[in-house]
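# Reading the structure
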Amino acid sequence: METLLDDAIAAARLARGIHLYYQEKGFEVGTKTGPTDLVTQADKETERAIKDYLLSRHPQHAFLGEEGGQEKEAEYRWIVDPIDGTVNFAHGFPFFAVSIALEVKGELRLGVVLDSTRDELFWAVRDRGAFLNGRPIRVSATNKLINSLLATGFPYDINKDRENMVYFENALKRGLTVRRPGAAALDLCYVAAGRLDGFWEVKLKPWDVAGALVVLYEAGAMVTGMEKEPYELGNRYIVASNGLIHDELMQTLLG
Ligand code: IPD
Ligand code: CA
Ligand code: CA
């Protein structure tokens, strides 16, 4: 795992270099499913660079990336979001990251999330702890929902599926403090680092969460669906917290 972690970190640093280059130079922006679902030249180029780097070192591995989809089946599979927080990236709002995870025989083994503008590297290997720039991290000790700092996010097609508007309203009606930072991978790492006490979202994709999940588990977080069922990649709901506020959070969201 040690070499694989080094490779994941090197690929994330490569990605950061591309992010910063395009933030400086400017880039073309296109749309995907609608006018607010953006994709930039940097998303595509970053994914290509990560894929080339990882597969040149491990040609037998499979690769799943947001922009290019899945390439072959294998016991080892990289799961990559080249820019998580593309809308932030496109506007120069400095909250976006690259996320890289490695799954072995269907189990997530390592995760790396690098915040490009702050140069904050979150990483974890299963059973070896979670780290931020080399220092161990742990979830917060906040034990009351009303004292918590929470975050959520919304899918691009929110008007087709308004479920999270109801959860969001339920949280606001209770007077809770909720942020919407716009990069789920970082939001989840912030729960792992104790900067947020809880996070939830509906309809996240495997590449949004895979890297951060390992960091969360190793930092002592609880990660479930809306009914406390263990979270599995691709599930519709994700609720991540320090564990202490988890039940209260789910109950409040469901109203
Ligand atoms: C998005 C971000 C955002 C979340 C969206 C995701 P992208 O990923 O993580 O915070 O609310 O649901 O799709 O498109 O920036 O990679
Ligand atoms: Ca994403
Ligand atoms: Ca993305």
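Residues numbered from 1 in each chain as written. Chains lettered and ligands numbered in written order. Predicted model: local features only at pLDDT ≥ 70, side-chain atom pairs only at ≥ 80, totals over all residues. Heavy atoms only, no water.

### Regarding the nonpolar core
Grouped together as the largest cluster of nonpolar side chains are 40 residues, with contacts concentrated most on Phe122, Leu216 and Ile238. Residues from two domains meet in this core; each of domain 1 (2-136) and domain 2 (145-254) gives at least three. Aside from chain neighbours lying at most four places away, what touches Leu216 is Leu188, Val191, Ala192, Ala221, Val223 and Ala240. (Core = buried A, V, L, I, M, F, W, Y, C linked by side-chain atoms within 4.5 Å. Buried < 20%, exposed > 50% of the residue type's maximum accessible area, 1.4 Å probe, protein only. Domains from an automatic or database assignment. Contact = heavy atoms within 4.5 Å.)

### A look at the site of ligand 1
As a structural note, the neighbourhood of ligand 1 is formed by 16 residues, with Asp84, Gly85, Thr86, Tyr156 and Glu201 the closest of them. One of the backbone nitrogen or oxygen atoms of Thr86 is found 2.8 Å away from an oxygen atom of ligand 1. In the environment of ligand 1, an oxygen atom lies 3.4 Å from a nitrogen or oxygen atom belonging to the backbone of Phe154. A per-element tally of the shell around ligand 1 places strand S5 (residues 76-84) first, with three residues. Across the shell around ligand 1, the residue classes tally to six nonpolar, four polar and six charged. Each of domain 1 (2-136) and domain 2 (145-254) gives at least three residues to the shell around ligand 1. (Near = heavy atom within 4 Å. Polar contact = N/O pair within 3.5 Å; in protein donor to acceptor, adjacent residues only side chain to side chain. Helix = DSSP H or I, 4+ residues; strand = E, 2+ residues; numbered from the N terminus. Nonpolar A, V, L, I, M, F, W, Y, C, P; charged D, E, K, R; others polar.)

### Topic: the packing of helix H4 (residues 163-173) against helix H7 (residues 246-254)
Pairs of packed helices are described in terms of their axes, by the angle between the two and the distance that separates them. Packing of H4 against H7 brings their axes to within 7 Å, and their N-to-C directions diverge by 110°. One way to sum up the angle between H4 and H7 is to call them roughly perpendicular. For the pair H4 and H7, the sense of crossing is right-handed. Of H7, the residues touching H4 (which contributes Tyr167, Asn170 and Ala171) are Thr252, Leu253 and Leu254. When grouped by side-chain class, the residues that make up the contact of H4 with H7 number four nonpolar, two polar and no charged. (Axes fitted to C-alpha atoms, helices over the stretch in contact; angles between N-to-C directions. Parallel < 35°, antiparallel > 145°, perpendicular 65-115°, else oblique. Left-handed = near helix turned anticlockwise from the far one by under 90°.)

### Structural notes on the pattern of salt bridges
This structure, assessed with the given rule, holds 17 salt bridges. Here Glu71 and Lys51 are joined by a salt bridge, their closest N and O atoms 2.8 Å apart. Taken as a pair, Glu71 in strand S4 (residues 69-71) and Lys51 in helix H2 (residues 41-57) lie far apart in primary sequence, 20 residues in all. A salt bridge links Glu218 to Arg126, with the nearest nitrogen and oxygen atoms 2.9 Å apart. (Salt bridge = Lys/Arg side-chain N within 4 Å of Asp/Glu carboxyl O.)

### Remarks on the coordination of the calcium ion (ligand 3)
Coordination sphere of the calcium ion (ligand 3), protein contribution only: Glu66 (OE), Asp81 (OD) and Ile83 (O), at 2.2 to 2.3 Å. All donor residues of the calcium ion (ligand 3) come from one chain, and their arrangement in sequence is E-x14-D-x1-I. Taken as an interatomic distance, the gap from the calcium ion (ligand 3) to the calcium ion (ligand 2) is 3.7 Å; Asp81 donates to each of them. Here Asp81 falls in the buried class, since its relative accessible area comes to 1%. (Donors = N, O, S within 2.8 Å, 3.2 Å for Na, K, Ca; no water.)

### Side note on the sheet that holds S5
Taking strand neighbours across the sheet as the criterion, the eight strands line up as S4-S3-S5-S6-S7-S8-S9-S10 in an open arrangement whose pairing is mixed. Two strands close off the open sheet at either side, each with one partner strand: S4 and strand S10 (135-136). Pairing geometry for strand S3 (residues 62-65) and S4, over three bridges, is antiparallel. Each bridged residue has a counterpart across the sheet, and for Gly65 the counterpart in S4 is Gly69. (Pairing = 2+ DSSP bridges.)

### Re the domain arrangement of the protein chain
When cut into domains, the protein chain gives domain 1 (2-136) and domain 2 (145-254). The C-alpha-based centres of domain 1 and domain 2 are spaced at 21 Å. On the domain 2 side, the residues contacting the 40 residues of domain 1 number 25 residues. Of the roughly 2400 Å² buried at the junction of domain 1 and domain 2 (both faces included), carbon and sulfur atoms supply 68%. It is Asp84, Phe95 and Phe122 that lose the most area in domain 1 upon contact with domain 2, and together they represent 25% of the buried surface on that side. At the boundary of domain 1 with domain 2, the tally comes to two salt bridges. (Buried area = accessible area lost by both parts, 1.4 Å probe.)

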